[in-house]
Amino acid sequence: MSFGFIGIWMIVLGLVSGTVIHQPAAPAATIQPEVTQASDLSANTLASCLNKSGAILYGAYWCPHCADQKEYFGAAVSGLNYVECDAKGPQGDPDLCQSEGIEAYPTWKMPGKPSLQGAQTLQQLAAWSGCES
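Bear in mind that the values here come from a model prediction, so they are computed numbers and not experimental data.

Calculation criteria
Residues numbered from 1 in each chain as written. Predicted model: local features only at pLDDT ≥ 70, side-chain atom pairs only at ≥ 80, totals over all residues. Heavy atoms only, no water. Pairing = 2+ DSSP bridges. Helix = DSSP H or I, 4+ residues; strand = E, 2+ residues; numbered from the N terminus. pLDDT = per-residue confidence, 0-100. Contact = heavy atoms within 4.5 Å. Salt bridge = Lys/Arg side-chain N within 4 Å of Asp/Glu carboxyl O. Buried < 20%, exposed > 50% of the residue type's maximum accessible area, 1.4 Å probe, protein only. Phe/Tyr/Trp six-rings, centres within 6.5 Å; stacked < 30°, edge-to-face > 60°. Lys NZ or Arg CZ within 6 Å of the ring centre and 35° of its normal. Polar contact = N/O pair within 3.5 Å; in protein donor to acceptor, adjacent residues only side chain to side chain. Right-handed = clockwise from strand over helix to strand, strands pointing away. Disulfide = S-S within 2.5 Å.

### Digging into the sheet that holds strand β2 (residues 82-84)
Right, on to step 1. Taking strand neighbours across the sheet as the criterion, the four strands line up as β2-β1-β3-β4 in an open arrangement whose pairing is mixed. The open sheet terminates on both sides in strands that have one partner only, identified here as β2 and β4 (116-117).
Right, on to step 2. In the sheet, strand β1 (residues 56-59) pairs with β2 via three bridges, with the strands oriented parallel. Within β2, the position partnered with tyrosine 58 by the bridge is valine 83.

### Notes on the confidence of the model for the chain
Right, on to step 1. Looking at the chain, the pLDDT average stands at 80 and 68% of residues meet or exceed 70.
Right, on to step 2. Segment residues 5-38: pLDDT under 50, and 18 contacts once partners within four positions in sequence are set aside and those in other chains are kept.

### Here's the deal with the pattern of salt bridges
Right, on to step 1. For the coordinates displayed, the defined rule picks out one salt bridge.
Right, on to step 2. Across the salt bridge formed by glutamate 100 and lysine 109, the nearest N and O atoms sit 3.2 Å from each other.
Right, on to step 3. Accessibility expressed as a relative area gives 32% for glutamate 100, which makes it partly exposed.

### Considering the packing of aromatic side chains
Right, on to step 1. By the definition in use, this model includes three aromatic pairs.
Right, on to step 2. Through a chain of ring-to-ring contacts, three or more aromatic side chains come together here, namely Phe73, Trp108 and Trp128.
Right, on to step 3. Here lysine 70 stacks its cationic end above the ring of tyrosine 82, 4.0 Å away from the centre of that ring.

### Quick notes on unusual backbone geometry
Right, on to step 1. Look at the link from tyrosine 105 to proline 106: it is a cis peptide, with omega at -15°.
Right, on to step 2. One can find proline 106 in the loop between α4 (94-99) and β3 (107-109).
Right, on to step 3. With phi around 55°, glutamine 91 is a residue other than glycine that occupies positive phi space.
Right, on to step 4. When its relative accessible area of 78% is taken as the criterion, glutamine 91 is described as exposed.

### Points about the environment of serine 78
Right, on to step 1. Residue position: serine 78 is located in the loop between α3 (64-73) and β2.
Right, on to step 2. Considered as a pair, serine 78 and asparagine 44 are 34 residues apart in the sequence and their alpha carbons are 9.2 Å apart.
Right, on to step 3. Looking at serine 78, its side chain comes within polar contact range of the main-chain oxygen of alanine 75, at 3.3 Å.

### Side note on the pairing of β1
Right, on to step 1. The sheet contact formed by β1 and β3 spans three bridges and is antiparallel. The partner of leucine 57 across the bridge, within β3, is tryptophan 108.
Right, on to step 2. Traced from β1 through α3 to β2, the parallel crossover comes out right-handed.

### Observations concerning the state of the cysteines
Right, on to step 1. Under the definition given, this model contains two disulfides.
Right, on to step 2. Here cysteine 49 is linked by a disulfide to cysteine 131, with a sulfur-sulfur distance of 2.0 Å. Of note, the bridge from cysteine 49 to cysteine 131 carries an S-S torsion of about -80° and is left-handed in sense. Separated by 82 residues along the polypeptide, cysteine 49 in helix α2 (residues 40-52) and cysteine 131 in the segment after α5 (122-129) bring together distant segments of the chain.
Right, on to step 3. Here cysteine 131 falls in the buried class, since its relative accessible area comes to 12%.
Right, on to step 4. Across the disulfide from cysteine 85 sits cysteine 97; the S-S distance is 2.0 Å. On the sign convention where negative means left-handed, the S-S torsion of about -85° between cysteine 85 and cysteine 97 marks this disulfide as left-handed. Taken together, the positions of cysteine 85 in the loop between β2 and α4 and cysteine 97 in helix α4 put the pair twelve residues apart, joining distant regions of the chain. Cysteine 97 shares its class with cysteine 85; the two are buried.
Right, on to step 5. Among the cysteines of the chain that take part in disulfides, numbered as they appear in the sequence, the pairing is 1-4, 2-3.

The structure is reproduced here in C-alpha cells:
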C-alpha cells in the first residue's frame with residue numbers, strides 16, 4: 001500500500017497534533033439471522049407446509065422485521081397464514097392478536113409448538129415446524 005509523499009506527511013502531522021486522519025469505518029453490522037437464498041420452489045413448499053400445519057404469522061404493516069420476514073419468502077409469502085395486528089393495516093385484526101397474546105412482531109404461532117418472535121430464516125422455520133425436506 002503506497003501513501004505517497006502527501007499522505008505520509010498527513011499521517012505524521014496527525015500523529016503530532018494528536019489526531020489521525022483515516023477513512024470512515026464501515027457501518028456496524030446489524031445482528032440479523034443469516035439468510036441463505038432459497039429457491040422459489042423451496043419457499044413455496046415451506047409456505048404450503050406451514051399453512052397446512054396451522055402456522056400463523058402475526059405482524060404489522062409498519063414493522064421492518066415483518067417486512068424482512070416476508071422478503072425471505074419472496075413470492076411465496078402469499079401462501080402464508082398472515083394476521084395483520086394493526087387496525088390501520090389491510091384487514092387488521094388487533095382483537096385477534098390481543099386474544100392470542102401477541103406482544104412482538106413478527107410472531108409465529110403453531111399448535112403444539114412454542115411461539116417464535118422475530119424474523120426467522122426459512123431454515124429456522126422448517127426446523128421449528130417439522131417442514132424440513
